[in-house]
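So you can see what is in the structure, the chains are spelled out below.
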Amino acid sequence: MSKIIDKINARRQKFRHSPPNNNEDDAHGADGVPGDDNSAFPPGWYHSFEYFPPKTEPGLDNLFTRIDRMSRRLDPLFVDVTWGDSGSTAARTLAVASHAQRYCGVDVLMHVTCMGLSAADVRRHLDQARSCGVRNVLALRGDPPRGKRAWEPGDVSTGECRRAIDLVRLIREAHGDYFGIAVAGHPEGHPASVDPEEELRHLKEKIDAGADLIVTQFFYDPEMFLGYVRRCRGAGIACPILPGIMPIQSYVSFVRMTQFCNVRVPPEVTERLEPVKDDDEAVKRIGWEIATDLCRRVLTASREEGGVDGVHFYTLNLERSVTRVLINLGAVRCADDPGRSLKTQGDAAGAGADSSDAKQIESGEGGDGQDILSTSPGAHSPIEPAHPLSRPLPWRPSALANRSRREDVRPINWANRPQSYVRRTEDWDEFPNGRWGDSTSPAFGELSDVGHFAPWGGPGLGSEEDRREMLGGSNL
């Protein structure tokens, strides 16, 4: 288990003298095909995923399987796990965080909010996180009080830590340098802020108080994000800034999220989505193309432009779109052909691939007729990281140091898992969206209950009356 800031700094140190993608061993995107759009990525670029604790026990079990599969196939630098209102999901959040580190071998960034909690409550949650081996926390004020749609200027938390900076200070006071601390960034401005310059000063104060990195709200305007990074650098904020990327899963959820989170949507995005808004599969496909373009722009921008060397995906507990984006970026390749990264049909055709390759990639099928996005983890999974770490054992080592040092055997089900039916059905909750259907889906539940799609104090869904009004209903 490692502090995320240490891992980021180690990657930067390793690749600091490497020009963009000049070496096959550089990491993600380094094996891009000549002439593709991935050739200018910063050496050693990285990605991470966010998950939220499901509402049901079957959903929780299936999320464990999904995190394990995505960690092994897609090799994230870390995953983060959200935190419910006033610590309402604390037990499940800790369960997901502990399982991800112990059994999936991936470092975890755990959300902690101070809204409605006493200092003693916060200390207890931090102690529990430490006992589970968690080394990284995202310090947040939290969602606005129930009945309020958004934080307003001058609002503070009802807990003893009135703002996120108070939580950062409490963490450092109670645990010293043990935890790596991330804080939230709002490229389009925090809803409770009226002065962008004052907001940057508050953000700088959080960094000075002990925060190590910034994870931002999701956005769809890359130029706006790059301008935000430039303003942060101008304000003296030198820490890593990870852009939040949320692939579009459906048109209805996209409209709802962007409206309630006050996220600006560029006209070209609306123009691409509007003609196919009733076709969920087409919307999902355009969604991963838009997310790919966002990632390419912020990763290939120069440091002077505000470019970054990593991206953070809001998965909504789904994997298909994120996997597709990483395929497009060259971070994932076919296991049966290590020299070829998967690309979209257009990329394949442009690179001179034959028509059968292009059709396989667009349809999501590998050469043996298996769905490249729907294969159960096993010895012959057709998807793997473009540059996996060298591992002496046939599983991903635990992120807990005391476990990984002495663990040299695991039950056989870790290496040989059921194929066939599981392989064909593992992503059925992706289309149409299983959020309001199958209760065993990790994505099952109401967005308002997890509150994570409007993270870090952004507008929520408000009271029951607000939700009825939003949906066009009225009280009976």
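Computed from a predicted structure; not experimentally measured.

Scoring rules and cut-offs
Residues numbered from 1 in each chain as written. Predicted model: local features only at pLDDT ≥ 70, side-chain atom pairs only at ≥ 80, totals over all residues. Heavy atoms only, no water. Helix = DSSP H or I, 4+ residues; strand = E, 2+ residues; numbered from the N terminus. Contact = heavy atoms within 4.5 Å. Areas by Shrake-Rupley, 256 points an atom, 1.4 Å probe, with all protein chains shown as cover. Pairing = 2+ DSSP bridges. Axes fitted to C-alpha atoms, helices over the stretch in contact; angles between N-to-C directions. Salt bridge = Lys/Arg side-chain N within 4 Å of Asp/Glu carboxyl O. Parallel < 35°, antiparallel > 145°, perpendicular 65-115°, else oblique. Left-handed = near helix turned anticlockwise from the far one by under 90°. Nonpolar A, V, L, I, M, F, W, Y, C, P; charged D, E, K, R; others polar. Polar contact = N/O pair within 3.5 Å; in protein donor to acceptor, adjacent residues only side chain to side chain. Buried < 20%, exposed > 50% of the residue type's maximum accessible area, 1.4 Å probe, protein only. Right-handed = clockwise from strand over helix to strand, strands pointing away. Phe/Tyr/Trp six-rings, centres within 6.5 Å; stacked < 30°, edge-to-face > 60°. Lys NZ or Arg CZ within 6 Å of the ring centre and 35° of its normal. pLDDT = per-residue confidence, 0-100. Expected span 1.5 Å × (residues − 1).

Trainee: Which parts of the structure should I look at to understand the overall build of the protein?
Mentor: Scanning the protein for helices and strands turns up 17 helices and ten strands. Considering only contacts within the protein whose residues lie at least 6 apart along the sequence, 76% involve residues at least 24 apart. Total accessible area computed for the protein in this model is approximately 19600 Å², and 49% of it derives from carbon and sulfur atoms.

Trainee: Where do I start with the sheet that holds strand 2 (residues 78-81) in this structure?
Mentor: Backbone-to-backbone hydrogen bonds join strands into a sheet, with any given pair of strands oriented parallel or antiparallel. Strand order in this closed barrel of eight strands is 1-2-3-4-5-6-7-8, and the pairing throughout is parallel. Across the sheet, the mean angle from the axis of one strand to that of its neighbour is 30 degrees, orientation sign disregarded. Pairing analysis gives two bridges linking strand 7 (residues 241-245) to strand 8 (residues 310-314), with the strands arranged parallel. When the sheet's bridge partners are listed, Gly244 is paired in strand 8 with His312. Each of strand 2 and strand 3 (108-113) is contacted by helix 3 (residues 90-102), which is oriented at about 165 degrees to strand 3, the strand it contacts most. Helix-sheet contacts for helix 7 (residues 222-234) involve strand 5 (180-185), strand 6 (213-218) and strand 7, and the interaxial angle to strand 7 is about 160 degrees.

Trainee: Explanation requested: the pattern of salt bridges in the structure shown.
Mentor: Where charged atoms from two side chains of opposite charge come close, those side chains can pair. Taken as a whole and assessed by the stated rule, the structure comprises 19 salt bridges. A salt bridge links Arg169 to Asp166, with the shortest nitrogen-to-oxygen separation between them at 3.7 Å. You can see Arg169 and its partner Asp166 sitting in helix 5 (residues 164-175), three residues apart, about one turn around the helix. In this structure, a network of salt bridges that share partners links the residues Arg66, Arg69 and Glu319.

Trainee: Would you mind showing me how to read the packing of helix 2 (residues 57-74) against helix 3 here?
Mentor: The angle between the axes and the distance between the axes are what describe a pair of packed helices. Close contact between helix 2 and helix 3 brings their axes to 10 Å; oriented N to C, the two are set at 30 degrees. Taken together, the axis directions place helix 2 and helix 3 in an arrangement best described as roughly parallel. Handedness of the helix 2/helix 3 crossing: right-handed. Contact residues: helix 2 offers Glu57, Leu60, Leu63, Phe64 and Ile67, while helix 3 offers Arg92, Ala95, Val96, His99 and Ala100. Its residues placed into classes, the contact of helix 2 with helix 3 shows seven nonpolar, one polar and two charged.

Trainee: Whenever I open this one, the environment of Arg135 confuses me. Can you help?
Mentor: Following the sequence through the fold, Arg135 ends up in the loop between helix 4 (119-131) and strand 4 (136-140). Side-chain polar atoms of Arg135 contact the backbone oxygen of Tyr178, separated by 2.9 Å.

Trainee: Please clarify how the side chain of Asp107 should be interpreted in this entry.
Mentor: The residue Asp107 is located in the loop between helix 3 and strand 3 in this model. Side-chain polar atoms of Asp107 contact the backbone nitrogen of Ser2, separated by 2.9 Å.

Trainee: What exactly am I supposed to notice about the environment of Thr300 here?
Mentor: On the secondary structure map, Thr300 appears in helix 10 (residues 280-300). Here Thr300 falls in the partly exposed class, since its relative accessible area comes to 29%. Along the primary structure Thr300 and Pro42 are separated by 258 residues, whereas in three dimensions their C-alpha atoms are 6.9 Å apart. In terms of polar contacts, Thr300 uses its side chain to reach the backbone carbonyl oxygen of Arg296, at 2.5 Å.

Trainee: It is not clear to me how the pairing of strand 2 should be interpreted in this structure. Could you clarify?
Mentor: The side chains of a regular strand alternate between both faces of the sheet. Every second residue of strand 2 is oriented toward a common face, with Phe78 and Asp80 on one face and Val79 and Val81 on the other, all of them buried. Where strand 1 (residues 46-51) meets strand 2, four bridges bridge the pair, whose relative direction is parallel. Bridge pairing in strand 2 places Glu50 opposite Asp80. Remark: the strand 1/helix 2/strand 2 crossover connection has right-handed handedness.

Trainee: What is the right way to look at the packing of aromatic side chains in this model?
Mentor: To describe a pair of aromatic rings, one takes the distance between the centres and the angle between the planes. Summed over all chains, the structure comprises seven aromatic pairs. Ring plane angle 80 degrees and centroid distance 6.5 Å describe the contact between Phe49 and Tyr51, whose orientation is recorded as edge-to-face. Of the two residues, Phe49 and Tyr51, neither departs from the other in class, the shared state being buried. Aromatic side chains Tyr220 and Phe254 sit 5.3 Å apart centroid to centroid with 80 degrees between the ring planes, which places their arrangement in the edge-to-face category. On the criterion of sequence distance, the pair formed by Tyr220 in the loop between strand 6 and helix 7 and Phe254 in helix 8 (residues 251-260) is long-range, its members being 34 residues apart. Following the ring pairs from residue to residue traces out a cluster consisting of Phe49, Tyr51 and Phe313. Across the ring face of Tyr178, the terminal group of Arg130 is positioned such that the distance to the ring centre comes to 3.9 Å.

Trainee: Hey, could you run me through the confidence of the model for the protein in this one?
Mentor: Note that predicted coordinates carrying low pLDDT should not be read in detail. On average, the protein scores 75 in pLDDT, and the residues at 70 or more come to 62%. Of all secondary-structure elements in the protein, the lowest mean pLDDT belongs to helix 12 (residues 345-350), at 33, while strand 7 reaches the highest, 97. The low-confidence segment residues 336-372, where pLDDT is below 50, has 53 contacts with residues more than four positions distant or belonging to other chains. Every residue in residues 374-381 scores below 50 in pLDDT, and together they form 28 contacts with partners more than four places removed in sequence or on other chains.

Trainee: Could you clarify how one ought to interpret helix 11 (residues 320-328) in this entry?
Mentor: Since one α-helical turn is 3.6 residues long, residues separated by three or four positions face the same way. For helix 11, the buried fraction is high: nine of the nine residues fall into the buried class. Listed as buried for helix 11 are Arg320, Ser321, Val322, Thr323, Arg324, Val325, Leu326, Ile327 and Asn328. Downstream of helix 11 by one or two residues, Gly330 has phi in the positive range, about 85 degrees.

Trainee: Explanation requested: helix 5 in the structure shown.
Mentor: If you check helix 5, its first and last C-alpha atoms are 16 Å apart, about what twelve residues at 1.5 Å a residue would give, namely 16 Å. When helix 5 is considered as a whole, its buried residues turn out to be Ala164, Ile165, Leu167, Val168, Leu170, Ile171, Arg172 and His175.

Trainee: Just checking my understanding: could you explain unusual backbone geometry for this structure?
Mentor: Excluding glycine, residues mostly carry a negative phi; peptide bonds, for their part, are mostly trans. Unusually for a residue other than glycine, Asp75 sits at a positive phi of about 55 degrees. Tracing the backbone through its elements, the reader meets Asp75 in the loop between helix 2 and strand 2. Positive phi, close to 65 degrees, is recorded for Asn317, a residue that is not glycine. Its place among the elements puts Asn317 in the loop between strand 8 and helix 11.

Trainee: What exactly am I supposed to notice about the environment of Pro385 here?
Mentor: Following the sequence through the fold, Pro385 ends up in strand 10 (residues 383-385). For Pro385, a relative accessible area of 4% gives the class buried. In the structure, Pro385 is positioned 58 residues away from Ile327 in sequence and 9.5 Å away in space, judged by C-alpha atoms.

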